[in-house]
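What the coordinates show
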Amino acid sequence: MKLEQGCVQVYTGNSKGKTTAALGLALRATGHGLKVLMVQFMKGGGPYGEHISAKRLAPELTIIPTGRPGWVDRENPSETDKQLAKEAFEMAASKMKSNEYDIIILDEINGAVSFGLLLVEDILKLIKEKPEKVELILTGRNADQRVIEAADLVTEMKEIKHYYKQGVPARTGIEK
C-alpha cells in the first residue's frame, strides 16, 4: 500500500508526548503495510524501548538513532554535535527522496534547529522537496514559526502537570 497524498506534520511543545505520538503513527502505518523510517536527532544514548520494538517490526519500521551519548550544550553546541546532526540530516533527506519509505519521521529535529545544530532553511528546503506520496513528520520542542507555517498539521503538546516535578524519574518502558 502507498499513500495517495503525503502531508507534513509537526509535533512540538513543552510537554512529553511528541516522540510517542510519532511512534503511535508509525505503529498504525506499519499495521497497514507502510514502510516507516524514524531518524532520531540528539539521541545517541540508549537503547530506548522503541529501538527494541522496531527490530520486531522490521523491515516495515526502521529507527536510526543519531548523535553522541549525553546532552548537547544548548548555549554552546560542539562541532561534533553539529557534524553528527548534519550527517543525520543528509542521510534522512537522501532516504526521503529514495521513495523506499512511505513515512519519514525526523524525531527531535525541531530541537536540533533550536540548539543551532541545523539550519531552519535546510528543513524548509526538505519540506519543499518532499515527494508527493511521502508523509514527513517533524518532532521536537521549539518548532520554528516558518516550519509551523509550512506544515499541513501542527500539534502542540502543552504541559499541564508532570510527575517529574514530584520527583518521579524517567522510567524504562514509559520515558525511555
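Use the structure listed above.
Residues numbered from 1 in each chain as written. Predicted model: local features only at pLDDT ≥ 70, side-chain atom pairs only at ≥ 80, totals over all residues. Heavy atoms only, no water.

Regarding the sheet that holds strand E4 (residues 103-107)
For the record, the criterion: We treat two strands as partners when DSSP finds at least two bridges between them. Working definition: helices are DSSP H or I runs of at least four residues, strands are E runs of at least two. Numbering for both runs from the N terminus. As a rule, the C-alpha atoms of each element are fitted with a line to give its axis, helices using only the stretch in contact, and angles between N-to-C directions run from 0 to 180 degrees. Pairs of residues are marked as contacts when any of their non-hydrogen atoms sit within 4.5 Å.
Sheet architecture is open: six strands sit in the order E3-E2-E4-E5-E1-E6, paired in parallel fashion. Each having just a single partner strand, strand E3 (61-65) and strand E6 (153-157) make up the two edges of the open sheet. Averaged over all adjacent pairs, the angle separating strand axes in this sheet is 15°, with direction ignored. Sheet strands in contact with helix H2 (residues 49-57) are strand E2 (36-40) and E3, and its direction is about 145° off that of E3.

Let's talk about the pattern of salt bridges
Stated precisely, the cut-off is as follows: In the sections that follow, a salt bridge refers to a side-chain nitrogen of Lys or Arg positioned within 4 Å of a carboxyl oxygen of Asp or Glu. Relative accessibility decides the category of a residue: with a 1.4 Å probe and only protein chains considered, values under 20% of the type maximum give buried, values over 50% give exposed, and everything between is partly exposed.
All chains considered together, the criterion is met by 14 salt bridges. Of the charged contacts in the structure, one is a salt bridge between lysine 43 and glutamate 108, with a shortest N-O distance of 3.9 Å. Residue lysine 43 is located in the loop between E2 and H2, and its partner glutamate 108 is located in the loop between E4 and helix H4 (109-114); the two are separated by 65 residues in the primary sequence. Note on accessibility: lysine 43 and glutamate 108 belong to one class, buried. In this structure, glutamate 79 engages lysine 82 in a salt bridge whose closest nitrogen and oxygen atoms are separated by 3.5 Å. Of this pair, glutamate 79 and lysine 82 both sit in helix H3 (residues 79-97), three residues apart, roughly one helical turn. Looking at glutamate 79, the relative accessible area reads 58%, which means it is exposed. One salt-bridge network, in which partners are shared between bridges, spans Lys16, Arg171 and Glu175.

Quick word on the packing of aromatic side chains
Test applied: Only centres within 6.5 Å qualify two rings of Phe, Tyr or Trp (six-membered ring in Trp) as a pair; their planes then separate them into stacked at under 30 degrees, edge-to-face at over 60, and tilted for everything else. To sit over a ring, a charge needs its Lys NZ or Arg CZ within 6 Å of the ring centre and within 35 degrees of the ring normal.
Taken as a whole and assessed by the stated rule, the structure comprises one aromatic pair. On the basis of an interplanar angle of 85° and a centroid distance of 5.9 Å, the ring pair of tyrosine 163 and tyrosine 164 is categorised as edge-to-face. Tyrosine 163 sits in the partly exposed class, given a relative accessible area of 26%. Across from the ring centre of tyrosine 101, 5.2 Å away, lies the NZ or CZ of lysine 35, which sits over that ring. Above the ring of tyrosine 163, the side-chain terminus of arginine 171 is found at 4.5 Å from the ring centroid.

A look at unusual backbone geometry
The amide bond that connects glycine 46 to the next residue, proline 47, takes the cis arrangement and shows omega of 10°. Here proline 47 shows up in the loop between E2 and H2. Omega for the bond connecting alanine 58 with proline 59 falls within 30 degrees of zero, at 10°, which places this linkage in the cis form. Turning to its location among the elements, proline 59 is positioned in the loop between H2 and E3. Although it is not a glycine, glutamate 108 sits at a positive phi angle of roughly 70°. Non-glycine residue asparagine 142 carries a positive phi angle of around 60°. Tracing the backbone through its elements, the reader meets asparagine 142 in the loop between strand E5 (135-139) and helix H6 (145-150). Classification of asparagine 142 as partly exposed rests on a relative accessible area of 42%.

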